[in-house]
Amino acid sequence: MTPSPDPSELLTLLAHVDAPTRTRALAAYAQQVRAQERAHLARELHDGLGGELTALKMALARLVQQLPPALPAPLATTHYADRLVERSIATLQDIARALRPAALEHGLVAALAWQAEQFALQTGYPCQFSAPAGPLRLCDQQEQALLRFAQEGLTNIAKHAHASRAQLSLTVDGAQLCLLLSDNGIGCTPAARGKSARHGLRGLRERADALGARMELADTPGGGTTLAIKISLGGPETPIIANADAT
């Protein structure tokens, strides 16, 4: 995990930039801190509390084996406790996944490929996916944000595009990474863009601003819509500061 820069160091670096750049950098810094806290909490829940609940479930299973069949009431209570523990484990897993998507444990590319497969299964039409062959050097905040972009963008396609195919891709051009979603649906007219909240686009734009990314929306030649999210990769130690300096 890429550590967050020290707040005083960040403020020093931003002391001589314009107000809009400073605002975007501070918003991105806050989002990076939240992403790291969520990832840490997800691991603690999984490794700590998850392990304790699993041990409790195993202890209850041994207790069931030790109780004589002639004691139906204690057996029933133990079985009930076992079901409670099982539901608690399921709830804990849901919370951990909400804090940090489990798909990201295998990297962003694998998570996006899985997302494209799920989209095709749910909609019944293909979603082509492509990405660079080499490893991507991204911080937790960038990986989580890009995955959310893809999820929300594909949801918008499924709900509003009336498409028969979609495409999801990652490209790298120098220090810039681009997440691209396109479809062959009804397109996005200027009037529809003015009502971006209804189509979920306002949330995507706000997420892009917080990340220091640029969001572009355009009609696809031949019909459909293309959504692009472009971010600067930055350095391996302080990607958010690098983004701010490059803005």
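Here, the structure is the one placed above.
Thresholds applied
- Residues numbered from 1 in each chain as written.
- Predicted model: local features only at pLDDT ≥ 70, side-chain atom pairs only at ≥ 80, totals over all residues.
- Heavy atoms only, no water.
- Helix = DSSP H or I, 4+ residues; strand = E, 2+ residues; numbered from the N terminus.
- Contact = heavy atoms within 4.5 Å.
- Areas by Shrake-Rupley, 256 points an atom, 1.4 Å probe, with all protein chains shown as cover.
- Axes fitted to C-alpha atoms, helices over the stretch in contact; angles between N-to-C directions.
- Parallel < 35°, antiparallel > 145°, perpendicular 65-115°, else oblique.
- Left-handed = near helix turned anticlockwise from the far one by under 90°.
- Core = buried A, V, L, I, M, F, W, Y, C linked by side-chain atoms within 4.5 Å.
- Buried < 20%, exposed > 50% of the residue type's maximum accessible area, 1.4 Å probe, protein only.
- Pairing = 2+ DSSP bridges.

## Concerning the overall build of the chain
No. 1: Looking only at helices and strands, one finds 8 helices and 5 strands in the chain.
No. 2: For the chain, the sequential pattern of α-helices and β-strands runs α-α-α-α-β-α-β-β-α-α-β-β-α.
No. 3: Put simply, of all contacts in the chain between residues at least 6 apart along the chain, 70% involve residues at least 24 apart.
No. 4: Put simply, the chain shows about 13,500 Å² of open surface, and 57% of that area lies on carbon and sulfur atoms.

## Remarks on the packing of helix H5 (residues 140-161) against helix H7 (residues 201-211)
No. 1: For the pair H5 and H7, the least separation of the axes is 10 Å and the interaxial angle reads 165°. When the axis of H5 is compared with that of H7, the two are roughly antiparallel. Relative to H7, H5 is oriented so that their crossing is left-handed. Of the residues in H7, those in contact with Gln141, Gln142, Ala145, Arg148, Phe149, Glu152, Gly153 and Asn156 of H5 are Leu201, Gly203, Leu204, Arg207, Ala208, Ala210 and Leu211.

## Comments concerning the nonpolar core
No. 1: Judged by nonpolar contacts, the single largest core of 36 residues is most densely connected at Leu108, Leu112, Leu146, Phe149, Ile157, Leu168 and Leu179.
No. 2: Taken together, the elements giving at least two residues each to this core come down to helix H4 (108-123), H5, strand S2 (166-173), strand S3 (176-183), H7, strand S4 (214-219) and strand S5 (225-232).
No. 3: It is H5 that provides the largest number of residues to this core, a total of 8 residues.
No. 4: Beyond its immediate stretch of four places on either side in the chain, isoleucine 157 contacts Phe119, Tyr125, His162, Ala163, Ala166, Ser182 and Asp183.

## Digging into the sheet that holds S4
No. 1: Taking strand neighbours across the sheet as the criterion, the 5 strands line up as S1-S2-S3-S5-S4 in an open arrangement whose pairing is mixed. With one partner strand each, in any of the chains shown, strand S1 (127-130) and S4 form the two edges of the open sheet. Taken pair by pair, the neighbouring strands of this sheet meet at an average axis angle of 15°, ignoring direction.
No. 2: Bridge count between S3 and S5: 7 bridges; the pairing is antiparallel. Bridge pairing in S5 places leucine 180 opposite alanine 228.
No. 3: The strands touched by H4 within the sheet are S1, S2 and S3, with S1 carrying the most contacts at an inclination of about 170°.

These figures capture arrangement, not role.
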